[in-house]
Amino acid sequence: MTRLRIIPSVPPAVQHNTGLHRAEKEFQPHASEVFQLTMVSPPITGASLPGLTGIFGWSSLRFTGQEFSGPPIQSFKLVWPGRFKTLEELSSALRGYGHIPEGIWIYPYLMARGGIRAEKLTSIADPSWLSPESFCFIPIINTKGELDFYFSKLGFGINRAWLVRVD
């Protein structure tokens, strides 16, 4: 079982070592607040991302992206760039805020959030999961605080925060 450690750069009262347990305190960074996530080795893989099984048959999704190979500690921020009809338009807009991270970073962020319900969805614009019909899906954290996947051809509304990596 993979162990993850999340160390957000927010006040010490909310820093914690979660392992695979949900956070005990609420962690919800503000818009454009830079925070750090740490992925402890061995990292999770796109094919073993927790949440790939479920009532919607996510276990049928095939991971086609690059596996994590970067530094184990990376800086991120949440941005709300607006509404977009296509993933290409969205990706172009997100590059103005930072880099689009590998989709597996959704899991360390989920663990940092601790399953806290939110008004907005949180997503990573990495379409590395394909259905058997070759439709692209991106990882999201739904408003219930659960890992989920979203069909990338449906467009992207304003009620969604995007995780971007910053240098």
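Predicted, not measured: the structure shown is a model, and the values here were computed from it.

On inspection of all chains with the given rule, the structure shows nine aromatic pairs. Ring geometry for Tyr150 against Phe156: centres 5.7 Å apart, planes inclined by 50°, an arrangement best described as tilted. Using a relative accessible area of 18% as the deciding quantity, one classes Tyr150 as buried. Ring centres of Phe156 and Trp162 lie 5.5 Å apart, and the angle between their planes is 75°; this geometry places the pair in the edge-to-face category. By relative accessible area, which is 2% here, Phe156 ends up buried. One aromatic cluster is present, built from ring pairs that chain together Phe35, Phe76, Trp105 and Tyr109. In this structure, Arg160 packs its charged tip against the face of Tyr150, placed 4.2 Å from the ring centre.

What follows concerns the confidence of the model for the protein chain. A low pLDDT means the predicted coordinates there should not be read in detail. Averaged over every residue, the pLDDT of the protein chain is 76; the share at 70 or more is 72%. Averaged pLDDT values over the elements of the protein chain bottom out at 84 in helix H2 (residues 106–113) and peak at 95 in helix H1 (residues 87–94).

Inspection of the secondary structure assignment puts Ser152 in the loop between strand E7 (147–151) and strand E8 (160–166). Setting aside residues up to four positions removed in sequence, Ser152 forms contacts with Leu87, Cys136, Phe137 and Ile138.

It is worth spelling out the side chain of Asp126 at this point. Summarising the element assignment, Asp126 is placed in the loop between strand E4 (121–123) and strand E5 (129–130). Once you skip the residues sitting within four places of it in the chain, Asp126 turns out to touch Ile100, Pro101, Glu102, Gly103, Phe137, Ile138 and Pro139.

Looking now at the nonpolar core. In terms of nonpolar packing, the biggest core is built from 19 residues, with Phe35, Leu37, Trp105, Tyr109 and Leu163 touching the most fellow members. Listing elements by their share of this core, those giving two or more residues are strand E1 (35–38), strand E3 (73–79), H2 and E8. Counting residues per element, this core draws most heavily on H2, which supplies six residues. Leu94, Leu121, Ile138 and Tyr150 belong to the second-largest nonpolar core, a separate cluster that totals 13 residues.

Its location among the elements puts Asp167 in the segment after E8. Judged by its relative accessible area of 85%, Asp167 falls in the exposed class. Separated by 68 residues in the primary sequence, Asp167 and His99 have C-alpha atoms spaced 8.4 Å apart.

Moving residue by residue along a regular strand, the side chains alternate between the two faces of the sheet. Counted residue by residue, E7 has four buried out of five residues, so it is predominantly covered. Note that strand E6 (residues 136–141) and E7 share five bridges and pair antiparallel. In the strand pairing of E7, Ile138 is matched with Tyr150. Between the antiparallel neighbours E6 and E7 lie five residues, among them Gly145 with a positive phi of about 85°.

Mapped onto the secondary structure, Ser60 falls in the loop between E1 and strand E2 (62–63). Spatially, the C-alpha atoms of Ser60 and Trp129 are 9.5 Å apart, while their sequence positions differ by 69 residues. The contact partners of Ser60, leaving out residues within four places of it in the chain, are Leu130 and Pro132.

Thresholds, definitions, all that
- Residues numbered from 1 in each chain as written.
- Predicted model: local features only at pLDDT ≥ 70, side-chain atom pairs only at ≥ 80, totals over all residues.
- Heavy atoms only, no water.
- Phe/Tyr/Trp six-rings, centres within 6.5 Å; stacked < 30°, edge-to-face > 60°.
- Buried < 20%, exposed > 50% of the residue type's maximum accessible area, 1.4 Å probe, protein only.
- Lys NZ or Arg CZ within 6 Å of the ring centre and 35° of its normal.
- pLDDT = per-residue confidence, 0-100.
- Helix = DSSP H or I, 4+ residues; strand = E, 2+ residues; numbered from the N terminus.
- Contact = heavy atoms within 4.5 Å.
- Core = buried A, V, L, I, M, F, W, Y, C linked by side-chain atoms within 4.5 Å.
- Pairing = 2+ DSSP bridges.

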